[in-house]
Every structure is written in structure tokens, then in C-alpha cells.
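Working through the structure, step by step
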Amino acid sequence: MSVQFDIAVIGAGVVGSAIARDLSRYDLKVVLLEANTDLGDESSKGNSALMTEGHDTPAGSLERDLVVRGYQRYMTEAPQLGLPMRKTGAIMLAWTDEQRATVEKLVEEAHGEGFHNVHLLEGDEVARRWPQFRPGVLCAQWMPDEIIADPFSTPYAYVLEAVTNGVTFLRPWRVSRAERNAHGWRLRNDRGDVLEAGLVINAGGIRADIVEGLVGHSDFVMRPRRGQYILLDKPARAIHDIIAYPTPTPASRGILISPTIFGNVLVGPTAEEVEDRDDRGVTEVGLRALRQAIDDMVPALRDMPVNTIYAGMRPATNHSDYQIIPRFGERWLTVAGIRSTGFSGALGIAEYVMSLVFPKVFDKQPTKTVRGVRVPDLSETSIRPWADPEKIATDPAYADMLCHCERISVGEVRDALNSPVPPASIKALKRRTRAMFGRCQGFYCGARVQVMFDEAKVKRDA
């Protein structure tokens with residue numbers, strides 16, 4: 001017998017999770033389906049974690065509208081969820097006359113489009129305020145409202161609040177078949193599980209076109225774009241603490257150098273269209289491009305130790321704009337092609353989806369009393385449990401240091417494992433706590449973390 005839902009959301013990346021969270025405000029039976037073992041386990045885990053106000057998105061596009069709104073909502077709602085963010089500002093640098101002309105034009109366009117807190121700085125002021133940049137800067141676009149945030153805790157907070165308010169979260173649950181019935185859709189996975197939904201929202205990210213193919217739609221083609229990164233160790237932060245972009249070209253926005261909310265410095269991403277959407281390999285060519293970006297912008301970072309290298313995948317399509325396509329005659333809504341701005345736009349996208357679904361499909365108002373949640377603040381500047389005497393007094397497990405690199409206690413790992421949405425893999429546990437994310441990459445603490453994970457899993461499965 002299949003389980004019946006009013007709405008099924010396919011994909012628990014940052015966008016699908018934000019949609020499920022907003023749907024939890026309505027008196028409806030909602031299920032969130034994730035193909036992988038944990039939420040945010042594909043494109044969402046490999047983004048740059050920048051919260052942009054939207055001026056760098058194409059004017060007149062749906063992407064612009066939803067990123068602007070997403071930024072506004074995040075600024076209001078992230079603190080309520082315990083999500084850290086830091087307004088470092090961003091700067092786009094010009095070293096040549098041609099680049100200067102581009103930067104001046106972009107500043108003028110930003111003002112014309114209503115982004116008045118974007119400024120043109122002359123090179124001498126840039127050199128005075130940020131002496132780490134390669135000498136010879138002619139001018140720069142200064143964007144003080146740009147923010148760095150937590151890319152891992154954000155989708156977790158959305159799912160946690162959705163589940164807390166009644167949404168069913170099923171994982172791994174990869175939709176392999178979709179069949180129409182009298183009320184909507186019957187969805188199946190390869191294990192033989194079946195559920196029915198009156199409306200399906202496809203937020204399948206990098207695999208959204210495959211999900212579309214299950215129901216015969218082919219409005220877009222996925223063109224996965226790989227982005228390689230170098231993550232520098234925390235001492236680099238003393239040199240560089242601002243989001244820095246090169247001047248974009250017609251072919252590329254270039255490689256950025258940015259602090260992370262966790263205290264490291266991130267260099268990337270590259271932008272490579274690849275055939276295999278699972279090809280997250282790091283290449284010599286990619287690493288050379290990243291090192292060149294360091295030499296071109298912040299040479300003082302050249303000798304900083306590297307924490308790790310990795311690659312993420314952006315779900316770009318053959319269209320330049322988001323692909324949000326209502327097909328309500330078929331009880332289907334497509335939310336795809338969200339590209340690299342999905343982290344900034346997720347809450348705006350969710351709000352837009354609500355405006356499409358209500359009251360056109362369900363004549364409802366968001367009347368449920370919402371139970372709020374808070375996730376641990378894992379940022380570099382937060383007061384961590386090991387440094388909080390009051391917290392340690394109530395529970396000594398917060399003084400039992402487990403991961404010395406990131407200063408994560410046994411109590412924090414235990415809390416993550418006991419969450420209503422517990423991590424389903426060691427990598428997911430890393431993203432929830434930052435244990436094993438430090439300089440040793442789990443060499444010293446990995447075995448003990450694994451034991452705690454295994455014991456919690458046995459307890460849950462019993």
C-alpha cells in the first residue's frame with residue numbers, strides 16, 4: 001500500500017529544503033524526498049557560500065528577482081535559525097584600462113538598477129584599505145553588503161524546521177518511476193517503495209532533467225559546470241578577509257578569493273562544463289588556474305598552507321535563467337537550472353513557489369503555528385561550547401575535546417547524532433559539526449568520531 005501526500009518535493013538541496021520549510025506552514029501533508037543518504041549532498045555542499053544581494057545577476061531575469069528576495073529573507077530569518085553570517089563586503093578589482101572601463105560601467109549599471117550601496121573606489125584607496133592586493137590596482141567596485149555564510153548548516157536548518165513542523169523526510173529515496181493517477185502522481189523507487197502525491201515539485205538540482213524525463217518533459221538540458229577549489233588554512237585569514245573578484249570577461253566571472261565563515265580562505269571556483277555530472281575530480285589544469293588567481297590578486301597567499309582541495313558541481317542548463325515551470329494541469333511544478341546563485345536565492349525561490357501553488361493548486365493560507373529551531377553556530381567568531389563555562393557546567397561532555405583542529409567536543413558530536421534529522425554518513429556528520437574538517441582531516445579524531453557514529457546508528461536501527 002502506498003502512502004498518500006498532498007505534495008512531494010523531490011530534492012533536499014538548499015532549494016528543495018527551503019521549499020519544504022515554507023510548505024510546513026500550511027495544513028498539508030508534505031514529503032521531502034532525497035536520492036542520497038543525506039541532505040545537501042550534491043551541488044549544495046560545493047558552493048562558495050556567498051550571500052549576494054543580487055546586483056551581479058542579469059537585470060530583468062527571474063534569477064535577479066528571486067536572489068534579491070532571497071537575500072532579504074536570509075538577512076531576516078537566518079539569525080532566528082541560529083545561522084551565522086558576516087558582512088565582509090566584496091570588491092571587484094581592475095588593473096588595466098580595459099578592466100577599469102568595465103568596472104566603471106558595472107558600477108553605473110548597479111546604480112541605475114537601484115543598487116545604490118555599490119561604489120567606485122580609486123586605486124590609492126584600495127591600496128590603503130587592502131594592502132594585500134597585487135600592486136597597481138587602478139580602481140575597484142566596492143560592494144559592502146555582500147555576506148559570507150554557512151553552506152552546510154543552511155539546508156540542514158531548513159530541513160530541521162520543516163521536519164519539526166510536520167514534513168516527512170525520506171532518504172535515500174531516489175524516484176525511479178512516476179505514473180499519473182486520478183489525484184496526481186504515484187512515485188516509486190528501485191527498492192519497491194511507493195507513495196502518492198497530489199502535486200510533485202521537482203527540485204532535483206543536478207539531476208532535475210532526469211526527473212523531468214520520467215514524466216516526458218525535456219524543456220531544458222543539464223549542462224553541469226564543475227568548479228574546483230583550494231581551501232587555505234586559517235592563518236591565511238590574517239592576510240585576506242574580504243570577498244575579492246577579478247574583473248569579469250565576456251566568457252567568465254573569474255575566480256574569487258574569499259574568507260569562509262569558518263575562518264579559512266577559499267580560492268575558486270573554476271568554471272568547466274563537463275559531460276559527467278558526477279565528475280568532481282580535481283585536475284592539474286584546475287589547480288594551476290587557482291594558483292594563478294592567487295598570484296594575480298593576492299600574491300601574499302602564495303605560500304599559505306593548503307587545508308584541502310575539492311570540486312563542486314553547479315546545475316546549469318542550456319538556458320541562462322532559472323527554469324521554474326508550473327504544469328499544474330499535470331499536477332507538476334519544475335524548479336530547476338538554479339545555477340550558482342541558489343544559495344542566495346533559495347528563500348526567494350521558495351516564496352515564489354508558494355505564490356504559484358497557493359491558491360492555484362491548494363486554496364490554503366499559512367495558518368499552522370510554526371515551531372522554530374536553532375542549529376549550532378559553527379562560525380569562527382562564535383562562542384563555542386568548549387569556551388562557554390556555563391554550558392560546560394551543565395554538561396561536561398562539552399569540555400571533552402574530540403577534534404582539536406576545529407575544537408569540537410564530544411557533546412557537540414553527540415548532539416548532532418541525536419538530532420531529529422541525524423547525519424546519515426560520516427561526511428554528513430562532518431558538515432553538521434566540522435569535526436575532521438581541520439588541518440589533520442580526521443587523522444587524530446577520525447576513529448573516535450567513527451565509533452560515535454556507528455554506535456548512534458546501531459541505536460537508531462535497533
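What this report covers is the structure whose coordinates are included nearby. (Residues numbered from 1 in each chain as written. Predicted model: local features only at pLDDT ≥ 70, side-chain atom pairs only at ≥ 80, totals over all residues. Heavy atoms only, no water.)

Let's talk about the overall build of the protein chain
Of regular secondary structure, the protein chain possesses 12 helices and 22 strands. The C-alpha radius of gyration of the protein chain comes to 22 Å, within 12% of the 23 Å expected for a compact globule of 462 residues. Once the C-alpha set of the protein chain is aligned to its principal axes, its extents read approximately 70 × 55 × 40 Å. Within the span of the protein chain, comprising 462 residues, buried residues form 58% of the whole. Counting only contacts in the protein chain whose residues sit at least 6 apart along the sequence, the fraction spanning at least 24 positions is 73%. For the protein chain, the exposed surface amounts to about 19500 Å²; the carbon and sulfur share of it is 51%. (Helix = DSSP H or I, 4+ residues; strand = E, 2+ residues; numbered from the N terminus. Rg over C-alpha atoms; globule rule 2.2 N^0.38 Å. Buried < 20%, exposed > 50% of the residue type's maximum accessible area, 1.4 Å probe, protein only. Contact = heavy atoms within 4.5 Å. Areas by Shrake-Rupley, 256 points an atom, 1.4 Å probe, with all protein chains shown as cover.)

Some points on the side chain of Thr334
Structurally, Thr334 is set in strand S20 (residues 332–336). Relative accessible area serves as the criterion here: at 0%, Thr334 is assigned to the buried category. Within the local environment of Thr334, its side chain forms a polar contact with the side chain of Glu212, the two groups lying 2.9 Å apart. Among the polar contacts made by the side chain of Thr334, one reaches the side chain of Arg327 at a distance of 3.3 Å. Ignoring any residue separated from it by four or fewer positions in sequence, one finds Thr334 in contact with Asn202, Glu212, Phe220, Gln323, Ile324, Ile325 and Arg327. (Polar contact = N/O pair within 3.5 Å; in protein donor to acceptor, adjacent residues only side chain to side chain.)

What to know about the pairing of strand S12 (residues 194–202)
Of all the nine residues making up S12, eight are buried; the element is thus mostly covered by neighbouring parts of the structure. Alignment of strand S1 (residues 3–10) against S12, held across seven bridges, turns out to be parallel. The residue of S12 that forms the bridge with Val9 is Ile201. Across four bridges, the pairing between strand S11 (residues 185–188) and S12 is antiparallel. Note that in S12 the partner of Arg186 across the bridge is Glu196. Linking two consecutive strands that pair antiparallel, namely S11 and S12, is a turn of five residues; a positive phi of about 95° is found at Gly192 within it. Relative to S20, S12 is paired through three bridges, and the arrangement is parallel. Bridged to Ile201 within S20 is Leu333. (Pairing = 2+ DSSP bridges.)

Quick look at the packing of helix H1 (residues 14–23) against helix H5 (residues 153–164)
Relative orientation of the contacting elements H1 and H5 amounts to 30°, with a least axis distance of 8 Å. Judged on the interaxial angle alone, H5 and H1 are roughly parallel. Considering how the two elements wind past one another, H1 and H5 form a crossing that is left-handed. Mapping the contact onto sequence places Val14, Ser17, Ala18, Ala20 and Arg21 in H1 and Thr154, Pro155, Tyr158, Val159, Glu161 and Ala162 in H5. Residues belonging to the contact of H1 with H5 are distributed by class as follows: seven nonpolar, two polar and two charged. (Axes fitted to C-alpha atoms, helices over the stretch in contact; angles between N-to-C directions. Parallel < 35°, antiparallel > 145°, perpendicular 65-115°, else oblique. Left-handed = near helix turned anticlockwise from the far one by under 90°. Nonpolar A, V, L, I, M, F, W, Y, C, P; charged D, E, K, R; others polar.)

Shape descriptors only; they carry no functional weight alone.
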